[in-house]
Amino acid sequence: MSSSEVDAKDRQILALLATDGRMSFTDLGKATDLSTSAVHQRVKRLEQRGLIKGYGATIDHEQLGRPLTAFISITPIDPSQPDDYPERLMGISEIESCWSVAGEESYILKIRVATPYALEEMLTRIRAAASVSTRTTIVLSTPYENRPLD
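So, here is what we can say about the structure in this document.

What counts, and at which threshold
Throughout this description, residue numbers start from 1 for each chain and increase along the sequence as written. Local features in a predicted model are, by the rule used here, given only for residues with pLDDT of at least 70; side-chain atom pairs are given and counted only at 80 or more, and totals for whole chains, interfaces and linings are based on all residues. Hydrogens and water are ignored here; the side-chain numbers use all heavy atoms of the structure. Each helix corresponds to a stretch of at least 4 residues labelled H or I by DSSP, and each strand to a stretch of at least 2 residues labelled E; elements are numbered beginning at the N terminus. Here the globule rule reads 2.2 Å times residues to the power 0.38, and the radius of gyration is calculated from C-alpha atoms. Exposure is judged per residue with a 1.4 Å probe applied to protein chains only, and the accessible area is read against the type maximum: over 50% gives exposed, under 20% gives buried, and values in between give partly exposed. Note on terminology: a nonpolar core comprises buried Ala, Val, Leu, Ile, Met, Phe, Trp, Tyr and Cys residues joined through side-chain atoms within 4.5 Å. Here the rule is simple: two strands pair whenever DSSP picks up at least two bridges between them. Angular values range over 0 to 180 degrees, each being the angle between N-to-C directions of two axes fitted as lines to C-alpha atoms, with helices fitted over their stretch in contact. By definition in these notes, contact holds between two residues if any of their heavy atoms fall within 4.5 Å. Given the number of residues in a helix, its expected span is that number minus one, multiplied by 1.5 Å. Here is the rule: rings of Phe, Tyr and Trp (six-membered ring for Trp) pair when centre to centre is within 6.5 Å. Planes less than 30 degrees apart are stacked, more than 60 are edge-to-face, and the remainder are tilted.

1. Describing the overall build of the protein chain
Summing up its helical and strand segments, the protein chain has five helices and four strands in all. Starting at the N terminus and ending at the C terminus, the protein chain contains elements arranged as α-α-α-β-α-β-β-α-β. For the protein chain, the C-alpha radius of gyration of 20 Å lies well beyond 15 Å, the compact-globule estimate for 150 residues. Projected onto its principal axes, the C-alpha positions of the protein chain cover 55 × 40 × 25 Å. Put simply, the protein chain has 150 residues, and 27% of those count as buried.

Structural data, given as structure tokens:
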């Protein structure tokens, strides 16, 4: 197997860790029929290869006081300006993710705020900081998010 291939056991480990990033090596071993040390070596190798980029917690944003999620598409007002929008928007803490996209818009932002008024205020800050026009889609509910791998 070449170093760029991911075998079935590695995929199984990745799927388990995507579901529970705190799963112990012992539990991973039981779930994959591997020894604890074999799982530990595989996880370390997956980390070194960049297949596992990090571990994180799933946050309840409603309890954190930011129940409103929206996607904001941004389009430059002047396309001749440098494409440094992610840097210009880095200081706006309500922006959770920023994706460069193909299509009419340049980027799509995922944001979380407390209220519609907070969203309106943040849109004003985005437009001013990046000199862009925006199109907003508000999330009504989230049937699932960050689904684990198959």
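The rest of the description comes next.
2. Some details on the side chain of D7
Along the chain, the position of D7 falls in the segment before α1 (8-19). Judged by relative accessible area, which is 19%, D7 ranks as buried.

3. Observations regarding the nonpolar core
One finds I72, I74, I111, L119 and I126 to be the most contacted residues of the largest nonpolar core, which totals 18 residues. Put simply, the parts of the chain that give this core at least two residues each are β1 (68-76), α4 (85-89), β3 (107-113) and α5 (116-130). Core analysis: the second largest hydrophobic core is formed by eight residues, V39, V43, L46 and I52 among them.

4. Some points on the sheet that holds β1
Ordered by their spatial adjacency, four strands build an open sheet running β2-β3-β1-β4, and the pairing between neighbours is antiparallel. A single partner strand is all that each edge strand has here, and the edge strands are β2 (95-100) and β4 (132-138). The sheet shows a mean angle of 20° between the axes of neighbouring strands, direction not considered. Running over the sheet, α5 touches β1, β2, β3 and β4 and is turned about 155° from β4.

5. What to know about helix α3 (residues 36-48)
Here α3 is 13 residues long and its end C-alpha atoms lie 18 Å apart, about the 18 Å a rise of 1.5 Å per residue gives. Structurally, α3 contributes buried residues whose contacts are with α1 and α2 (25-32). Following α3 by one or two positions, G50 adopts a phi angle in the positive range, close to 85°.

6. Quick look at the packing of aromatic side chains
Applying the stated criterion across every chain yields a total of two aromatic pairs. Taking the centre distance of 6.2 Å and the plane angle of 65° together, the rings of Y85 and Y107 count as edge-to-face. Note that Y85 is positioned in helix α4 and Y107 in strand β3, a separation of 22 residues in sequence. Here Y107 falls in the buried class, since its relative accessible area comes to 8%.

7. What to know about unusual backbone geometry
For D33, which is not a glycine, the phi torsion comes out positive at approximately 60°. Along the chain, D33 falls in the loop between α2 and α3.

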